[in-house]
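Given next are the chains, with one letter for each unit.
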There are 2 protein chains.
Amino acid sequence: MADGAELSRGRATAEMVAARANVSRVAVSRAFNPHTSLKPEKRELILRIAQELNYTPDRAARALVSGRTHLVGVIVPDVCSNWESQEIDALTTALQAEGFATLLFKTRTDYSMDEQLLAYMRGFNPDSVIAFVENVKARTLAKFLGRAVPIYVDYPLPGATSAREAGPLFDRLNILQRDGIDQAVALLQGYGVRRIAYLAGVEKSRANVARENTLRQVMAARGMEPPTVIAGDFGYDAAYQSTVNLFRVGEGADAIFAANDVSAFGAMDALRHELKLRVPEDVSVVGFDDIAQAHWKSYNLTTVKFDLDERVQALVRLILRRLNNPDAPALEETLDTRLVVRGTVGARR
Amino acid sequence: MADGAELSRGRATAEMVAARANVSRVAVSRAFNPHTSLKPEKRELILRIAQELNYTPDRAARALVSGRTHLVGVIVPDVCSNWESQEIDALTTALQAEGFATLLFKTRTDYSMDEQLLAYMRGFNPDSVIAFVENVKARTLAKFLGRAVPIYVDYPLPGATSAREAGPLFDRLNILQRDGIDQAVALLQGYGVRRIAYLAGVEKSRANVARENTLRQVMAARGMEPPTVIAGDFGYDAAYQSTVNLFRVGEGADAIFAANDVSAFGAMDALRHELKLRVPEDVSVVGFDDIAQAHWKSYNLTTVKFDLDERVQALVRLILRRLNNPDAPALEETLDTRLVVRGTVGARR
DNA sequence: AGATAGAATGAACACGTTTTCACTTTTCGT
DNA sequence: ACGAAAAGTGAAAACGTGTTCATTCTATCT
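Residues numbered from 1 in each chain as written. Chains lettered and ligands numbered in written order. Predicted model: local features only at pLDDT ≥ 70, side-chain atom pairs only at ≥ 80, totals over all residues. Heavy atoms only, no water.

1. Considerations on the interface of chain B and chain A
Here is the rule: Throughout, a residue-residue contact means that at least one pair of heavy atoms, one from each residue, lies within 4.5 Å. Here, a salt bridge means any side-chain nitrogen of Lys or Arg that lies within 4 Å of a carboxyl oxygen of Asp or Glu. As used in this structure description, the phrase polar contact means that two N or O atoms lie within 3.5 Å; if the pair is within protein, one of them must be able to donate a hydrogen and the other to accept it, and residues adjacent in sequence are counted only when both atoms belong to side chains. Here a helix means four or more residues in a row that DSSP labels H or I, a strand means two or more in a row labelled E, and each is numbered from the N terminus. Note on residue categories: nonpolar means Ala, Val, Leu, Ile, Met, Phe, Trp, Tyr, Cys or Pro, charged means Asp, Glu, Lys or Arg, and polar means any other residue, Gly included. Two strands qualify as a pair provided that DSSP identifies no fewer than 2 bridges between them.
Listed per partner, the contact involves 60 residues of chain B and 60 residues of chain A. Close ionic contact of Asp89(A) with Lys106(B) constitutes a salt bridge, the shortest N to O distance being 3.2 Å. At the boundary of chain B and chain A, one finds 32 residue pairs in polar contact (both at pLDDT 80 or more). If you list the elements that add at least two residues to the side of chain B that touches chain A, you get α4 (59-66), α5 (82-97), β2 (101-106), α6 (114-122), α7 (138-145), α10 (236-248) and α11 (261-274) of chain B. Top element by residues in the side of chain B that touches chain A is α5(B). It accounts for nine residues. Residues of the side of chain B that touches chain A, tallied by class, amount to 26 nonpolar, 20 polar and 14 charged. Sheet topology places strand β2 (residues 101-106) of chain A next to β2(B); three bridges connect them, and they run antiparallel.

2. Regarding the nonpolar core
Rules: Grouping buried Ala, Val, Leu, Ile, Met, Phe, Trp, Tyr and Cys residues that are joined through side-chain atoms within 4.5 Å yields what is termed a nonpolar core. A simple rule labels every residue: compare its accessible area, found with a 1.4 Å probe on the protein chains alone, to the largest value its type can have, and call it buried under 20%, exposed over 50%, or partly exposed in between.
Phe257(A) and Phe257(B) are the most contacted members of the largest nonpolar core, which has 148 residues in total. For Phe257(B), the contacting residues outside a window of four places in its chain are Ile181(B), Ala184(B), Ile196(B), Ala197(B), Tyr198(B), Leu199(B), Leu215(B), Val286(B), Gly287(B), Phe288(B) and Val304(B). In this structure, Ala101(A), Leu103(A), Phe124(B) and Val136(B) belong to the second largest nonpolar core, which totals 26 residues.

3. Some words on the packing of aromatic side chains
Put simply, the rule is: Put simply, two rings from Phe, Tyr or Trp (the six-membered ring, in Trp's case) pair if the centres are within 6.5 Å, and we call them stacked under 30 degrees between planes, edge-to-face over 60, tilted for the rest. The criterion is that NZ of a Lys, or CZ of an Arg, lies within 6 Å of the ring centre and within 35 degrees of the ring normal, and then a charge sits over that ring.
Per the stated rule, a full pass over the model turns up 23 aromatic pairs over all chains. Taking the centre distance of 5.4 Å and the plane angle of 75° together, the rings of Phe32(B) and Tyr55(B) count as edge-to-face. With Phe32(B) in helix α2 (residues 25-32) and Tyr55(B) in the loop between α3 (40-52) and α4, the pair connects residues that are 23 residues apart, well separated along the chain. Given the relative accessible area of 24%, Phe32(B) is considered partly exposed. Taken together, Tyr236(A), Tyr240(A), Phe265(A), Trp296(A), Tyr299(A), Tyr236(B), Tyr240(B), Phe265(B), Trp296(B) and Tyr299(B) form an aromatic cluster joined through their ring pairs. Over the face of the ring belonging to Phe288(A) we find Arg211(A), whose NZ or CZ atom lies 3.8 Å from the ring centre.

4. With respect to the relation of the copies chain B and chain A
Between the two chain copies there is a screw-like relation: a rotation about an axis and a shift along it. Inclusion rule: Superposing the copies works by least squares over the C-alpha atoms of residues that have pLDDT at least 70 in both of them.
At an RMSD of 0.1 Å, chain B and chain A line up after a rotation of 180° and a shift of 0.0 Å along the axis. Such a turn and shift between the copies fits a two-fold axis. The share of interface residues of chain B whose copies in chain A are also at the interface is 100%, consistent with both copies meeting through the same surface.

5. With respect to the environment of Ala200(B)
Residues and elements named next belong to chain B. Considering the arrangement of structural elements, one finds Ala200 in the loop between β6 (196-199) and α9 (206-221). A relative accessible area of 7% places Ala200 in the buried class. Taking the C-alpha atoms as reference, Ala200 lies 6.7 Å from Val229; in sequence the two are 29 residues apart. Excluding residues within four positions of it along the chain, Ala200 makes contact with Asn208, Val229, Ile230, Ala231, Gly232, Asp233, Phe234 and Ala259.

6. Some details on unusual backbone geometry
Residue and element names in this part refer to chain A. Cis geometry is found at the peptide bond from Val279 to Pro280, where omega equals 5°. A positive phi is found at Asp289, a non-glycine position, where the angle reads about 130°. Summarising the element assignment, Asp289 is placed in strand β9 (residues 284-289). Residue classification places Asp289 among the buried residues on the basis of a relative accessible area of 5%.

7. Observations regarding the sheet that holds strand β8 (residues 255-258) of chain B
Residues and elements named next belong to chain B. For clarity, the threshold we go by: All axes are obtained by fitting lines to C-alpha atoms, using only the stretch in contact for helices, and the reported angles, taken between N-to-C directions, cover 0 to 180 degrees.
Reading across the sheet, the six strands line up as β7-β6-β8-β9-β10-β12 and stay open at both edges, with mixed pairing between neighbours. Only two strands of the sheet have a single partner each, and these edge strands are β7 (228-230) and β12 (338-340). Looking at each pair of strands side by side, their axes are set apart by 25° on average, direction ignored. Bridging between β8 and strand β9 (residues 284-289) involves three bridges; their strand directions are parallel. Opposite Ile256, over in β9, you have Val285 as the bridge partner. Helix-sheet contacts for α9 involve β6, β7, β8 and β9, and the interaxial angle to β6 is about 165°.

8. Looking at the packing of helix α2 (residues 25-32) of chain A against helix α3 (residues 40-52) of chain A
Residue and element names in this part refer to chain A. What counts is decided by this rule: Just so you know how the angles are binned, under 35 degrees is roughly parallel, over 145 roughly antiparallel, 65 to 115 roughly perpendicular, and the rest oblique.
α3 packs onto α2 with a crossing angle of 90° between their chain directions and a minimal axis gap of 9 Å. As summarised for this structure, α2 and α3 are arranged roughly perpendicular, according to the angle between their axes. Here α2 contributes Ala27, Val28, Arg30, Ala31 and Phe32 to the contact with α3, which in turn contributes Arg43, Ile46, Leu47 and Ala50. Class assignment of the residues belonging to the contact of α2 with α3 gives a composition of seven nonpolar, no polar and two charged.

9. Some points on α9(B)
All names here are of chain B. Quick note on the threshold: To estimate the expected span of a helix, count its residues, drop one, and scale the result by 1.5 Å.
Relative to the 22 Å expected for 16 residues at 1.5 Å per residue, α9 spans 22 Å between its end C-alpha atoms, a close match to the ideal helical length. Among the residues of α9, those classed as buried are Arg206, Ala207, Asn208, Ala210, Arg211, Glu212, Thr214, Leu215, Val218 and Met219. Just downstream of α9 lies Gly223, where phi reads positive at about 75°.

10. Observations regarding the sheet that holds strand β12 (residues 338-340) of chain A
All names here are of chain A. Taken in spatial order, the six strands of this open sheet run β7-β6-β8-β9-β10-β12, and their pairing is mixed. Each edge of the open sheet is held by one strand with a lone partner, namely β7 (228-230) and β12. Shown here is a sheet whose adjacent strand axes are inclined to one another by a mean of 25°, direction ignored. Where β9 meets strand β10 (residues 302-305), four bridges bridge the pair, whose relative direction is parallel. Bridge pairing links Val286 to Thr302 in β10. Here helix α8 (residues 178-190) sits on the sheet and contacts β6 (196-199), β8 (255-258), β9, β10 and β12; the angle it forms with β12, its principal contact strand, is near 50°.

11. Examining the pairing of strand β1 (residues 71-76) of chain B
Residues and elements named next belong to chain B. Spelled out, the test is: Handedness rule for crossovers: strands pointing away from the viewer, path from the first strand over the helix to the second running clockwise, crossover right-handed.
Most of β1 sits out of view: six of its six residues are buried. Burial along β1 is two-sided: Leu71, Gly73 and Ile75 and Val72, Val74 and Val76, pointing in opposite directions, are all buried. Bridge count between β1 and β2: six bridges; the pairing is parallel. In the strand pairing of β2, Val72 is matched with Thr102. In this fold, the crossover linking β1 to β2 by way of α5 has right-handed handedness. By the bridge criterion, four bridges tie β1 to strand β3 (residues 128-131) in an arrangement that is parallel. Bridge pairing in β3 links Val72 to Ser128.

Structural data, given as structure tokens:
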């Protein structure tokens, strides 16, 4: 029963399992790969011995020969931002169930280092990439990512107006913002709101631009004056300050439409605790995302939601599809948004 | 100028760079490894050509021969939980700066699948592991992790009473809860608080047990009756319900000491919006963590803080130290906590 | 100038797996 | 019971890099 080979780096190797089981090293490899032919009892024996020895095929070696790392790179500007942390959470769970793992990278909030970061990430050879980046051109992405599969969420790539045009590597998941925003504006209008202020996110980010433009279109379609825009960065503190300024220095508003829920919280706290105004009796507030905190009693925020689970499922489906079929034509899926009505929109006093 | 080799899998290889630069493949390898001897102008030439060809040494091949993946596995029960998302964020930034990447895994909130998850993670060969797991024994960890370096945060491993005893693989970072909790209790006592309720976290989690025990000890040392304990799970909703029960069915309390900030928010919202009690005039509230939301105006929470940046820096320092010197004796570092006074503790009406 | 130490170099091997390709054994239909 | 088809098998060749080791070149010292 002497297992000829020594412990290599503390881990068992296929060679050692083979020696123990009196089979060839190739048989061990086959035992771990489902679509190969191997006598069932032999496979069983090998797997048992492998378990005894605590053996698992080395992923580095596997990656070297197969070109697959089973890593999915995720780039976000801010893990703490509640929306993104919820997305990362759901994504990690889903990927884990499929035999993958999340490789996390952090870009800067102002999106300034995106290109270097992509190059850095490429070094880890992820099989696929989900990126919340902003200032990167389609061809740069193609250059850096090599054979990896980026799935570019939410917004069109600059330099490629459609998924098709960007080449087969770029699948895309769109969020149709119009429905939810239209429902929100309709609700506000029904309560007699006339002057809406848009509390912006990071100025040139595509999320912010898309939301602001959609809001403008929707309001115009309903015959309303364009919204006042006040600055923000998707964060609480900036939202707080901007809201205070809007009412102290500026002209105020009947309602605030925030670029995301956290901004809405900042606006609400400014209204209530600094400006001594009531929500919604004096000013209505609408958010975007429907993060978990939106239902907390202190805020109870009316907000535009898109279904996170649905989105993550779609993302993982796209990733797996492309990995199994790298040359399939680019796919584009679209998800809806809808308004979740809670307590921050109401009749004016 | 014909570069003899073809494109391999879409990526340039050291062979191709060597051919272009008229040097051997070994020279290319040396150009990318700082502590090797290579004529400066030659290294420069190689690096230039490498950049032209968009070449980076393949990490899978590198990992195969060196045994280093430059991956750090991080296991958390819940990415969304604000404390953990802030930790992940800081950790990712710090690791990125050192040439590593965060490999993220999610365990279940009740910590039930920890062992399988460790085995799964081990398959990816992380160089080091930072785990928020609960029900895993020291020897199981040693078995699964092989040569990887787990750094076990906050709480002693079951089956190993000291870092030393667990063997050289286990460094540890302790949080000294006593100081901050004592300051909080002193503050409460100063305002005449007598009956404190402890709003618990996940029942058997080490974070919860440590906080409850420390609170008991501190209160006993100050001559107070032991706290009433009410159930919780570190989340908002459970905290909300438990607080309502405490005052509707149970005996109430002068102050609530919550296991973490999110629980404290749930308790505050229950007090204010459901029970129509004032904070702090009727009931004082203290949290634990000092997450970003704690300073939001709606809560303005008095809470026990430990410095996240300090902690993350210590963690990364420990990781790098062990990677450079695998056989160094186990190290144990300790961090302090302190009370951050805001507006949720005050004189009773 | 000669001896010598040190740096620079490339050939060969190692890392642990998957895959191809012949080859051998088993299974099945008649 | 025979042949053909199918399934099972192991030797050898990849995959792309880091690391010895013996060799050649260069610069320094006496």
